[in-house]
Amino acid sequence: MLAVEATDVSKTFGTVRAVDDITVRVAQGEVYGVLGPNGAGKTTFLRMLFGLIRPDHGTIRVFGRTWEHDDVAVLDGVAGFIESPKFYPYLTGRQNLEGLVLLDGGVRPGLLEEVIELVDLGDRVDLEVGGYSYGMRQRLGVAASLLREPRLLVLDEPANGLDPAGIRDMRALVKRLAASGLTVLLSSHHMDEVEEICDNVTIMTRGRVAFHGSITDLRAMAPAPGYDLRTDADDRALLVAADHPRVQVDLRDDLGLVVTATETDAAAYVADLCARGIALRALVPTRTPLEALFFMLTDEPETDDRAHPDGGAAGRPAGATTGAR
Amino acid sequence: MSTTTPTVAVTTPPAVRPGLGGVVRWETRKLRHQKRAWAVLLGALLGPVPVVMVIGAQSRPPKDSLFGRFATENGFALALLVLGFASQWVLPLLTAIVAGDIFASEDQHGTWKTVLTRSTGRGLLFWAKTLVAGAFAVLVLVVLAASTIAAALLIVGHQPVIGLSGQTVPSASALALVSASWATVLAPTLGFTALAILLSVWSRNPAVGIAAPVVVAMVMQLVGSLGGIEGLRPFLLTTSFESWHGLLTAPRFTGPLVEGVVVCGVWVVVSLTVAYVLLRRRDITGG
Ligand SMILES: Nc1ncnc2c1ncn2[C@@H]1O[C@H](COP(=O)(O)OP(=O)(O)O)[C@@H](O)[C@H]1O
Ligand SMILES: [Mg+2]
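Residues numbered from 1 in each chain as written. Chains lettered and ligands numbered in written order. Predicted model: local features only at pLDDT ≥ 70, side-chain atom pairs only at ≥ 80, totals over all residues. Heavy atoms only, no water.

Some thoughts on the site of ligand 1
As a structural note, the neighbourhood of ligand 1 is formed by F13, V16, A18, P37, N38, G39, A40, G41, K42, T43 and T44 of chain A together with T285 of chain B. Per-site note: the chains with residues close to ligand 1 are chains A and B. Take G41 of chain A: an N or O atom from its main chain is 2.9 Å from an oxygen atom of ligand 1. Measuring from a nitrogen atom of ligand 1, one finds a side-chain N or O atom of T285 of chain B at 3.5 Å. Relative to its unbound accessible surface of 550 Å², ligand 1 loses 65% to contact with the protein. Only β2 (16-26) and α1 (42-49) of chain A provide two or more residues apiece to the shell around ligand 1. Element by element, the count of residues in the shell around ligand 1 is highest for α1 of chain A, at 3 residues. (Near = heavy atom within 4 Å. Polar contact = N/O pair within 3.5 Å; in protein donor to acceptor, adjacent residues only side chain to side chain. Areas by Shrake-Rupley, 256 points an atom, 1.4 Å probe, with all protein chains shown as cover. Helix = DSSP H or I, 4+ residues; strand = E, 2+ residues; numbered from the N terminus.)

Quick look at the structure:
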């Protein structure tokens, strides 16, 4: 039995087709990623899984159960959160958790303390949630999910809004949970996150599935990495590229050149530029091969994601600037 | 996060399902932590005291109001005068402060997704919230009635009172009649509770859930007092706020009381049914 089996699922909001006929299968015990740029329909899909919104079309089975036949029993053994977890601000973290236990029909003795310990909230669990930072709320969200002792953990962009240390902790936690046999379904708009922790992935764009398969399959499809290149004579550098057939160079108006090539080929090209007296101003790796593939599959403009404010740069290639004259 | 290994079970979890009791406890617990719920109860408990003192100390009684003529010298009459006043908008407001908020505050805090991803279905949550809002309405009415009657009798006195037909009602039966009169407004108060629930589910906005029932009460009173549309009168929630008048006439008549209970019952059933359907069907996209 699959943990999640979503078949031909669609959801339209007004004129926006948020989820357009997608099929997703998650086997038990795997870590599955739903990857896509903002607005791809990831959250809408996960909301449908939780029964928060009803699909216009298609069926979603969770451990073989459907909302039509089993109502809230679909969520037996399922936990997680959608977007940023929300709690009652006038209650403490602990009071929130205790309340959710009532909605779960009870909890194994001692588990409450265990999960509070696990997410490292410490004494702050006895403060009102209204004063929590984003990261603390995220931890409380994880605690609230683990209280259900789930078989399937659904996390919607769990690293979103966390600082680099928070992202690292969150990834480490997901990996540990996965190692204990839990099925994890997580969404993300960062290829590196999915690459790091997932076994299989569905890439979504504008509501549709652009790719699904294993990370290994995905890697095999990946193109060469990309670099931003600036020289003192971009038009001449472009001409030099004609002598390097395995290097692709494109001119971006005013923004310099974009080089797509393997590390070795790119190095040879750059050495050639220098030999011909073209001065290098900057050479910046912009994307890993998988990221480049992600952008190709989702045809996102490559520039906007780097400008994303939510700590999205963590774990990416450092923006090392190689200046030479 | 700590480095201890999580002990989450990967075995099939026991399919525990919460009962209505557990969910009611949760809703009650949240209510107990809300200052406004306490403020309402405190207001219902202490508010009548200054009101009774001020009216009792008037040199000229408010003759134009029902039981106003004797209100400055008779505690029973004063308790009934306050009842008439409370029915205008105070009771709809007091009940709506909780009932108009109990659903919409989940929208306000974005917590629908939090509670609906547990083992509690929408139906169970709906009934738990409705029960708690209803119980709170009963509690507020009891506190307000007890406080008003006690304050009026202690401050102004408990002499026999003149009924609506000019008959003298002895003190002993007056207490029972005044208490019964206060009890009769439970039906319309619960009607407004259900209406506040509906408006709160529909608008997803606590301000609307709280204010709209008060506005509706005022509009209903206005409509009830207009000429030419008397046919509507019996179907208004506000009409049954007056059905106790029959208890203080001689002979007594209880026709409007029964009618009022039926009308309020219909309002409750219709409001709750529509609210239930809205809540079951809606997409939770916020939070
Ligand atoms: N409640 C809603 N009303 C209208 N449009 C919505 C609503 N929720 C989502 N959408 C639209 O559906 C698309 C998918 O959104 P979402 O599922 O949130 O994407 P993601 O989680 O991948 O960023 C977006 O275009 C978004 O604007
Ligand atoms: Mg999203």
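Text resumes after the structure shown.
So, the domain arrangement of chain A
Per the domain assignment, the segments making up chain A are domain 1 (4-220 + 304-311) and domain 2 (226-287). For domain 1 of chain A versus domain 2 of chain A, the distance between C-alpha centres works out to 41 Å. (Domains from an automatic or database assignment.)

Some thoughts on the interface of chain A and chain B
With 57 residues of chain A at the interface, the matching set in chain B holds 47 residues. Its largest share of buried area at the contact with chain B, chain A owes to Y88, L102 and L103 of chain A, together 17% of the area lost on that side. The interface formed by chain A and chain B holds 4 salt bridges in total. Across the pair R280 of chain B and D71 of chain A runs a salt bridge, and its minimum N-O distance is 3.5 Å. Between chain A and chain B we count 22 residue pairs in polar contact (both at pLDDT 80 or more) in total. Of the residues forming the side of chain A that touches chain B, the biggest block, 8 residues, is contributed by helix α3 (residues 93-104) of chain A. Of the residues contributing to the side of chain A that touches chain B, the split by class is 27 nonpolar, 11 polar and 19 charged. (Contact = heavy atoms within 4.5 Å. Buried area = accessible area lost by both parts, 1.4 Å probe. Salt bridge = Lys/Arg side-chain N within 4 Å of Asp/Glu carboxyl O. Nonpolar A, V, L, I, M, F, W, Y, C, P; charged D, E, K, R; others polar.)

Points about the environment of V154 of chain A
Residue and element names in this part refer to chain A. Along the polypeptide, V154 turns up in strand β6 (residues 152-156). In sequence terms V154 and F50 are 104 residues apart; their C-alpha atoms lie 9.1 Å from each other. Every residue in contact with V154, bar those within four places of it in the chain, is listed here: L46, L49, F50, V78, A79, G80, F81 and L185.

What about the packing of aromatic side chains?
For the coordinates displayed, the defined rule picks out 11 aromatic pairs over all chains. Aromatic pair Y88 of chain A and W26 of chain B: ring centres 5.4 Å apart, planes at 75 degrees, arrangement edge-to-face. One end of the pair, Y88 of chain A, is in the loop between β5 (78-81) and α3; the other, W26 of chain B, is in helix α1 (residues 20-32), on a second chain. Grouping residues by exposure puts Y88 of chain A and W26 of chain B together as buried. Connected via pairs of aromatic rings, a cluster forms that spans F103, W112, F126, W127 and Y276 of chain B. The aromatic ring of F63 of chain A is capped on one face by R151 of chain A, whose charged end is 3.8 Å from the ring centroid. Between the NZ or CZ atom of K129 of chain B and the centre of the ring of F103 of chain B, over which it lies, the distance is 5.7 Å. (Phe/Tyr/Trp six-rings, centres within 6.5 Å; stacked < 30°, edge-to-face > 60°. Buried < 20%, exposed > 50% of the residue type's maximum accessible area, 1.4 Å probe, protein only. Lys NZ or Arg CZ within 6 Å of the ring centre and 35° of its normal.)

Section: the sheet that holds strand β1 (residues 4-13) of chain A
Residues and elements named next belong to chain A. Read from one edge of the open sheet, 3 strands run β2-β1-β4, paired in antiparallel fashion. For this open sheet the edge positions go to β2 and β4 (57-62), each flanked by a neighbour on one side alone. Taking each pair of neighbouring strands and ignoring which way they run, the sheet shows an average axis angle of 20 degrees. Pairing analysis gives 5 bridges linking β1 to β4, with the strands arranged antiparallel. Opposite V4, over in β4, you have V62 as the bridge partner. Contacts from α1 reach β1, β2 and β4, with the element oriented near 120 degrees to β1. (Pairing = 2+ DSSP bridges. Axes fitted to C-alpha atoms, helices over the stretch in contact; angles between N-to-C directions.)

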